[in-house]
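Structural overview for review
Each chain, letter by letter, is given below.
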Amino acid sequence: MKRTTVFAAALALLTACGPMYENSAAKGFLAVVQQRVAGLTGGGGAAAPAAPVLTRAQVDANPGAFLLVTAYGGNSVASLVVASTNGNRVTWLSADNVAVTLENGIIVATRGFPRDLIAVDARGVRAAIAAGGGNAQRIHETITDLDQISQEVLQCSIALTGSESIEILGKTTPTRRFEESCRGERTAFSNTYWVATGGAIIKSSQAVAPATGFLVLERP
Amino acid sequence: MRSSYVRTVGYAALLLALGHGTQAQDNGPSYTVFGTPGLLEMPTAESAGQGDIAATISYAGSGGYKTSFNYQLTDRLSGAFRYSTFDNWQIVDPANPDAARTKRTFDRSFDLQYRLTDESQYLPAIAVGLRDFLGTGRFGSEYIVGSKSVGSNLIVTGGLGWGRLGSRNGFSNPFGVIDSGFDTRPVYVDRVQGNEDDAGNGGTISVNQFFRGDAAFFGGFEYQLSPALGIKAEYSSNAYLKETFTPAVNVSSPLNFGLSYRPRPGVELNAAYLNGEDLSASATFLINPAKRSTASGLDPAPAPVRVRTADQRAAQTWDQVKQPEPAVRAGLTQLLQVEGIELVGLEITDRTARLRYENTRYRSEAQAMGRAARMMTQIIPPSVQTFVLEPMQAGLPLSSVTLPRRQIEQLENRVGGTAAIYDAASFGQAGAVDGLVMNPAPGPRFRWGIGPYLNLTIFSGTSALEADVGIQADAEYHVSRNFVISGRVRQSALGAQEALRFFDNPNDYANVRTDQAFFGRDGDLNLRHLTAAYYSRLTPEVYGRVTAGYLEQMYGGISTEVLYAPVGSRFALGAEVNYLAMRDQDMGLGFAQYRTERDPVTGFRNRVEDGDYTVVSGHVSAYFDIGKGFEARVDAGRYLAGDWGATFALDREFENGWKIGGYFTLTDMPFDQFGEGSFDKGIRITIPYDYFIGTPSRRTTSTTLQSLSRDGGARVQVQGRLYEAVRGGQRSELDDTWGRFWR
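Residues numbered from 1 in each chain as written. Chains lettered and ligands numbered in written order. Predicted model: local features only at pLDDT ≥ 70, side-chain atom pairs only at ≥ 80, totals over all residues.

**Things to note about the overall build of chain B**
The line we're drawing: Comment: elements are numbered from the N terminus, with helices defined as DSSP H or I runs of at least four residues and strands as E runs of at least two. Here the radius of gyration uses the C-alpha set of atoms, whereas the globule reference equals 2.2 Å times the residue count to the power 0.38. Each residue is classed by its C-beta neighbour count within 10 Å, where at least 20 other C-beta atoms makes it buried, 12 or fewer makes it exposed, and intermediate counts make it partly exposed; the C-beta atoms are placed from backbone geometry. By definition, residue pairs are in contact when their C-beta atoms, positioned from the backbone, come within 7 Å.
What chain B contains, in helices and strands, is 10 helices and 34 strands. Its C-alpha atoms give chain B a radius of gyration of 29 Å, within 12% of the compact-globule value 27 Å for 743 residues. Each principal axis of the C-alpha distribution contributes one length, and for chain B these read about 100 × 70 × 50 Å. A burial count over chain B gives 44% of its 743 residues as buried. The contacts of chain B with a sequence gap of at least 6 include a subset with a gap of at least 24, amounting to 59%.

Structural data, given as structure tokens:
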């Protein structure tokens, strides 16, 4: 562990300076190595969040203004606020420039993840949830390693799997839980939605793309 | 997730296309000590994954070192470049071969393999290949090979080899039935022994040897014990005969055995016992431009589109009281700065807004354009229905893309929105400066940087690798957007060093490139370059450049260029004329030519100043975007040594910025004057930074692997040539990365 720290320090000493050397390959590689070293030694990075990203008091002061997003299997939690509204699509943005666009609570686009959903058509899924279950088609567009748009059509079945009271930031809400299981040519996944009495999705776990994984969304 | 593994030959691509998460997985072919897909020393009919680049370093007791790069250019065609260090037989007296001595040799070689057929249920995949077909032919052979998978873990291979691969238990050539000319293989005449002028400089294609002389069988198998571990065994048809200039490899058995260990994707470690004599170890590392480790990148989210209300959309005129021009321009300037985009000029009318901007952050101009357009929706007066975006680089307006504002509002985050916004766009030549309200050139106009450098000279003559480390400083002063003064100095940390060990190159021409071995070796401060560069758009479709000063390591002078490049055309035409003087080898401010005098007693090479060397060089260049990711280029003209000729280049260009290509240059410099290699040729690779670092960057790094750097067909290296500066905004380039428009 000491050796890796010394190695990282030595690399840091070699770092270039000056406006022309910002974003240099050396710095990029250094950042990658430092992340790896931090990951190996368990130091630095994402361990144990010291303070919550959002408190109940903040939510009560601005009801409905926040979206909590948990990514990378719980390693990253961010509080997002509304950046813009386009029709019935709302784009939420975090302070470190990660964006999630929702249409009635279902993800229709992400930006700032290693593999983004450029666009999604999931209108059928929302209708199936409103109807208490059923089948629906999804269309996902992602961007490939070669900067091309790749489209995948997925067949999904949505089913009510029970009632559950869930707690978000100390507030408990009764919900109905829906499972959506989807399969396409390349990917297969299951999403979960917790729907409150009025029909709003107040919590969900939704797949984005292979390199990004699932996002857990909560409306405190 | 890997539930099972299946090795098959030739339809890996099909499996991938259909693959689900739990689909059987093909872990691809393993690699030979020659760095090509195959067994140990024998090839198989397997092909690597399309686009795979494999770097292999191998060592064997008497076989020496080999460093190889194998590139799977298409699904079926692959090529390899190899640098080998080994002992050669030197037969002084042909009557008495036992008195042969060995001599260390440094050899370059090229291979090609083409898979003719894919494996089917009963038939093997079949491939034909050439090994070392372009060098001095130390390993020169041709082969036809078939490989068939048996069950899911075994691949059996058998083949027929000619040349070195026909040297064990050879039999008369089956092609002799067609023509008796196939029966005997013409002897390769090495330059040391050749008497004719053009004979034996290597580097020419030895077509008259192909598939001639005796043939022999080879074969073997590879068995996967587990997904990570495989065993290989083969019967080699290379007897490593003791002939003039053949590799001095110890042989006591035709059988080779080895283990192939793949601890994780992209890494292969091999151990082998070769020819009954040698232990061998090799390591292969794979990278594929089409598989980005950072997926599609870690670009921060763009600002979303701001959608106008119905009332706002109904506005017919721009309310200049509410939104005065200077306020809009200042606001947009700030918004674009967030995206690393400089607002150069803005023109607003009631219905149209034209933005000229310079993208300093994104590799893809299409991505920068998408972000600029979204920022425009934030602040451009609501009566404006049409956005015209004019990207600019090096002070040159590149093109003009017209986008309907309503479509930007409606297509954001919509399935099919990327294609639809492309269809809604119209592309043309950038407009005139008239009408644009220009922003003053941004500060800071002076930029600098200090940092370490590591300079690797690979395959330079007689050593595989020469490294220089030290500190370098860059400075850049923008007099205006299209007039830049820039320079770089370096101080080596290694102090004074001996000249690089290039081959001596006695010829009748000036040592316009081979003298590079002596440049900047005195341990003092080196001026790498110091230039003033001026760019101008001469007509809407013609661009011009003048660069003067210390252009590169070896040459100073003035370089002028014009380029005709219509936005929508796949063709571009250019012309460049340079007046150059060779710099002093101390890489200070002086100009001088030196010659080398060898001290007859000590053998030391002394450098003696010998006047000046000046030359007028220049080229007419034609560029053609063939499509499907291929780009061809021809440059014809006068080269540094005063030789006349042409360079032909073909590059595979990936949409994500990788370029892999090859070139060759033929000039009127005779092959025996050029020296070993006969003419200049090489492989070049350009890698975009963002592929590795994930975050957006416009930087790239390029490397050229030349077979031999010589004095024929050499050109001056000028920074910022027009074609590279201009083409990012050309329609074909915008097309390539249009997928990033909404990213």
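**Remarks on the sheet that holds strand β3 (residues 89–93) of chain A**
Backbone-to-backbone hydrogen bonds pair the strands of a sheet. The strands run either parallel or antiparallel. Residue and element names in this part refer to chain A. Rules: Being paired, for any two strands, means DSSP has found at least two bridges between them. Comment: axis = line fitted to C-alpha atoms, over the contacting stretch for helices; angle = value between 0 and 180 degrees taken between N-to-C directions.
A sheet is described by the order of its strands in space; here 12 strands give the open sequence β5-β4-β3-β2-β1-β12-β11-β10-β9-β8-β7-β6, paired in antiparallel fashion. The sheet is open, and its two edges are formed by β5 (106–111) and β6 (117–121), each paired on a single side. If you compare each strand with its neighbour and ignore which way they point, the axes differ by 30 degrees on average. Across four bridges, strand β10 (residues 188–196) lies against strand β11 (residues 201–209) in antiparallel orientation. Within β11, the position partnered with Val195 by the bridge is Ile201. Relative to strand β7 (residues 133–143), helix α4 (residues 123–130) is tilted by about 155 degrees, and along the sheet it contacts β5, β6, β7, β8 (149–168), β9 (171–183) and β10.

**Quick word on the domain arrangement of chain B**
All names here are of chain B. As a reminder of what qualifies: Segment limits for the domains were obtained from an automatic or database-derived domain assignment. Amino acids are sorted into nonpolar (Ala, Val, Leu, Ile, Met, Phe, Trp, Tyr, Cys and Pro), charged (Asp, Glu, Lys and Arg) and polar (every other residue, Gly among them).
Domain boundaries in chain B define domain 1 (12–287), domain 2 (310–441) and domain 3 (446–480 + 482–734). On a C-alpha basis, the centres of domain 2 and domain 3 stand 37 Å from each other. Opposite the 18 residues of domain 2 that make contact, domain 3 presents 25 residues. Where the side of domain 2 that touches domain 3 is concerned, the elements lending two or more residues are α4 (365–379), β15 (386–393), β16 (396–397) and β18 (426–428). Looking at the side of domain 2 that touches domain 3 residue by residue, the class counts come to nine nonpolar, six polar and three charged.

**Considerations on the nonpolar core**
What counts here: A set of buried residues qualifies as a nonpolar core if it consists of Ala, Val, Leu, Ile, Met, Phe, Trp, Tyr and Cys joined through C-beta atoms within 7 Å.
Among the nonpolar cores identified, the biggest contains 99 residues, and A:Ile107, B:Ala372 and B:Met376 are the most heavily contacted of them. With seven residues, α4(B) is the largest single contributor of residues to this core. Contact partners of A:Ile107, with chain neighbours within four places excluded, come to A:Val100, A:Leu102, A:Leu117, A:Val120, A:Gln206, A:Val208 and A:Leu215. One finds B:Ala125, B:Trp162, B:Ala216 and B:Leu274 within the second-largest nonpolar core, a separate group that totals 21 residues.

**Looking at the sheet that holds strand β2 (residues 64–72) of chain B**
Residue and element names in this part refer to chain B. Taking strand neighbours around the barrel as the criterion, the 12 strands line up as β1-β2-β3-β4-β5-β6-β7-β8-β9-β10-β11-β12 in a closed arrangement whose pairing is antiparallel. Taken pair by pair, the neighbouring strands of this sheet meet at an average axis angle of 20 degrees, ignoring direction. In this structure, strand β7 (residues 154–163) lies alongside strand β8 (residues 215–224), joined through nine bridges in antiparallel fashion. From the neighbouring strand, Ile155 faces β8, where its bridge partner is Glu222.

**Some details on the interface of chain B and chain A**
Facing the 45 residues of chain B at the interface are 44 residues of chain A. Looking at the side of chain B that touches chain A residue by residue, the classes come out as 18 nonpolar, 15 polar and 12 charged.

**Brief notes about the packing of helix α3 (residues 325–338) of chain B against α4(B)**
All names here are of chain B. Note the threshold: For this classification, under 35 degrees means roughly parallel, over 145 means roughly antiparallel, 65 to 115 means roughly perpendicular, and everything else is oblique. Working rule for handedness: look at the near helix, and if it is turned counterclockwise from the far one by less than a right angle, call the crossing left-handed; if clockwise, right-handed.
Running from amino to carboxyl end, α3 crosses α4 at an angle of 140 degrees, the nearest separation of the two axes being 10 Å. Viewed along their axes, α3 and α4 adopt a mutual orientation that is oblique. Handedness of the crossing formed by α3 with α4: right-handed. Contacts from Val328, Gly331, Leu332, Leu335 and Leu336 in α3 reach Ala372, Met375, Met376, Gln378 and Ile379 in α4. Grouping the amino acids of the contact of α3 with α4 by side-chain chemistry returns eight nonpolar, two polar and no charged.

**Re unusual backbone geometry**
Residue and element names in this part refer to chain A. Positive phi, close to 50 degrees, is recorded for Tyr72, a residue that is not glycine. Its location among the elements puts Tyr72 in the loop between β1 (67–71) and β2 (76–86). Tyr72 gets classed as partly exposed once you count the C-beta atoms within 10 Å, which come to 14. In the Ramachandran plot, Asp147 falls in the positive-phi region, its phi being about 65 degrees despite a non-glycine side chain. Tracing the chain through its elements places Asp147 in the loop between β7 and β8.

**A closer look at the environment of B:Ile348**
Residue and element names in this part refer to chain B. Mapped onto the fold, Ile348 is located in strand β13 (residues 341–348). A C-alpha to C-alpha distance of 8.3 Å links Ile348 and Ile380, two positions 32 residues apart in sequence. Excluding its chain neighbours within four sequence positions, the residues that come into contact with Ile348 are Trp318, Glu325, Val328, Ala353, Pro381 and Val384.

**Looking at the pairing of strand β4 (residues 101–117) of chain B**
Note that strand β3 (residues 77–90) of chain B and β4(B) share 14 bridges and pair antiparallel. The residue of β4(B) that forms the bridge with B:Phe81 is B:Phe110.

**Here's the deal with α4(B)**
Since one α-helical turn is 3.6 residues long, residues separated by three or four positions face the same way. Our working rule: To estimate the expected span of a helix, count its residues, drop one, and scale the result by 1.5 Å.
For α4(B), spanning 15 residues, the distance from its first C-alpha to its last is 22 Å, which sits close to the expected 21 Å at 1.5 Å a residue. Counting buried positions along α4(B) yields 13 of 15 residues, so the element is predominantly enclosed.

**A few points about the confidence of the model for chain A**
All names here are of chain A. Operational definition: Per residue, pLDDT measures the predictor's confidence, with a range of 0 to 100.
Per-residue confidence for chain A gives a mean pLDDT of 83, with 79% of residues at or over 70. The spread of mean pLDDT over the elements of chain A runs between helix α1 (residues 2–13), the lowest at 42, and strand β4 (residues 99–103), the highest at 97. Contacts from residues 1–13, a stretch scored under 50 in pLDDT, to residues over four places away or in other chains number 11 contacts. Contacts of residues 36–50 to residues separated by more than four positions or lying in other chains number 15 contacts, the stretch itself having pLDDT below 50.

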